[in-house]
Amino acid sequence: MIQIQVAGMKNFQPPPDYSHIQLPERPKLQFKDKVPTYPSNLKPPKMSKRLTFMRGPEPIHTEFIHKQYGIVALCGGRLHSGHIEMIRMTINRKMDPSKMFAVWRIDSPWQPLTRKGQGKRMGGGKGAIDHYVVPIKAGRVIVELGGKCEFEQALPFLKEVAHILPFKAKATSYELMEAEKIEEKRLKNANINPYTAEYVIRNNMGGCHTWISPSDKKWYFKYV
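Here we summarise the structure given alongside this text. Just so we're clear, the structure is a prediction, and the values are computed from it rather than from any experiment. (Residues numbered from 1 in each chain as written. Predicted model: local features only at pLDDT ≥ 70, side-chain atom pairs only at ≥ 80, totals over all residues. Heavy atoms only, no water.)

## Examining the sheet that holds strand β2 (residues 77-80)
Stated formally: Between any two strands, at least two bridges found by DSSP are needed for them to pair. What counts as a helix is a DSSP run of H or I of at least four residues, what counts as a strand is a run of E of at least two, and both are numbered from the N terminus. Structural elements are reduced to axes, namely lines fitted to C-alpha atoms, with helices fitted over the stretch in contact, and the angle between N-to-C directions of any two is expressed from 0 to 180 degrees. Only heavy atoms enter the contact rule, under which two residues are in contact if any of them lie within 4.5 Å.
Pairing within the open sheet is antiparallel, and its three strands lie in the order β2-β5-β4. Each of the sheet's edge strands pairs with one partner strand only, and the pair in question is β2 and β4 (111-115). When the angles between neighbouring strand axes are averaged without regard to direction, this sheet yields 50°. Sheet topology note: the β4/strand β5 (residues 128-136) ladder contains five bridges and is antiparallel. By the bridge assignment, L113 is partnered in β5 with H131. Across the sheet, helix α1 (residues 81-94) touches β2 and β5, and the angle it forms with β2 is around 75°.

Following this line, the structure appears as structure tokens:
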């Protein structure tokens with residue numbers, strides 16, 4: 001078998017420039033307290049479910065500060081200390097601290113959830129505090145990762161963490177999020193069907209106000 005070597009023109013793209021990125025002194029995720037600290041003379045307060053803390057879109061923490069990579073929630077939910085510790089352990093173990101850094105974008109667990117003992121009868125007042133959680137809304141940035149690395153290097157372990165979370169979440173980058181916003185705007189402008197969910201609900205078509213929930217009247221089936 002005869003092999004003929006052929007010289008061709010190669011056009012490799014230059015690697016991205018990360019000279020402007022400075023790594024912090026502590027690149028890994030820090031431990032978060034399981035229980036909030038209260039003054040010694042204050043009894044830990046109890047709280048109702050407050051499901052509104054999870055409903056609807058996140059109004060503030062929706063953008064990447066470092067404009068690189070991270071994990072974003074796709075729907076509402078709650079994270080307790082076990083989930084937060086899983087995120088911290090997985091990312092710290094699999095990231096390269098000499099090239100990458102990670103930062104939290106969520107608070108420590110602060111909302112108390114109560115529970116009664118098994119086999120207790122009805123009544124007797126509100127149960128004791130069982131554990132604390134941090135509520136998450138759709139679109140909330142949970143963890144941000146940056147450094148002198150490409151998205152393909154961080155994607156495997158970010159995707160692993162996103163799949164284990166108790167609600168839908170995705171590993172994404174700043175460029176992908178900007179492209180999604182542009183595509184959403186393009187689809188909205190290119191839509192020729194006037195009967196959108198917002199139009200139908202605003203005009204009470206088919207008497208839909210009698211059976212849809214108040215949150216659907218506010219967000220038009222977007223955040224279920």
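## Observations regarding the packing of α1 against helix α2 (residues 151-164)
Under the convention used in this document: Here is the rule for angles: anything less than 35 degrees is roughly parallel, anything more than 145 is roughly antiparallel, 65 through 115 is roughly perpendicular, and the remaining ranges are oblique. Crossing handedness: left-handed means the near helix sits turned counterclockwise from the far one by under a right angle, and right-handed means the same turn made clockwise. Each residue is assigned to one of three groups, with Ala, Val, Leu, Ile, Met, Phe, Trp, Tyr, Cys and Pro labelled nonpolar, Asp, Glu, Lys and Arg labelled charged, and all others, Gly among them, labelled polar.
Relative orientation of the contacting elements α1 and α2 amounts to 165°, with a least axis distance of 10 Å. Regarding the angle of α1 to α2, the classification is roughly antiparallel. Remark: the crossing between α1 and α2 carries right-handed chirality. In this structure, α1 uses M86, I87, T90, I91 and K94 to contact α2, whose residues at the interface are F157, L158, E160, V161 and I164. Its residues assigned to classes, the contact of α1 with α2 comprises seven nonpolar, one polar and two charged.

## Re the packing of aromatic side chains
The line we're drawing: Planes of paired rings set the category: under 30 degrees apart is stacked, over 60 is edge-to-face and the rest tilted, where pairs are Phe, Tyr or Trp rings (Trp by its six-membered ring) whose centres lie within 6.5 Å. Burial classes follow relative accessibility: with a 1.4 Å probe on protein chains only, a residue under 20% of its type's maximum area counts as buried, one over 50% as exposed, and anything between as partly exposed.
Following the criterion strictly, the structure yields four aromatic pairs and no others. Ring geometry for Y69 and F151: centres 5.4 Å apart, planes at 35°, overall tilted. Of the two residues, Y69 sits in strand β1 (residues 69-73) while F151 sits in helix α2, which places them 82 residues apart along the sequence. The exposure class of Y69 is buried, given its relative accessible area of 7%.

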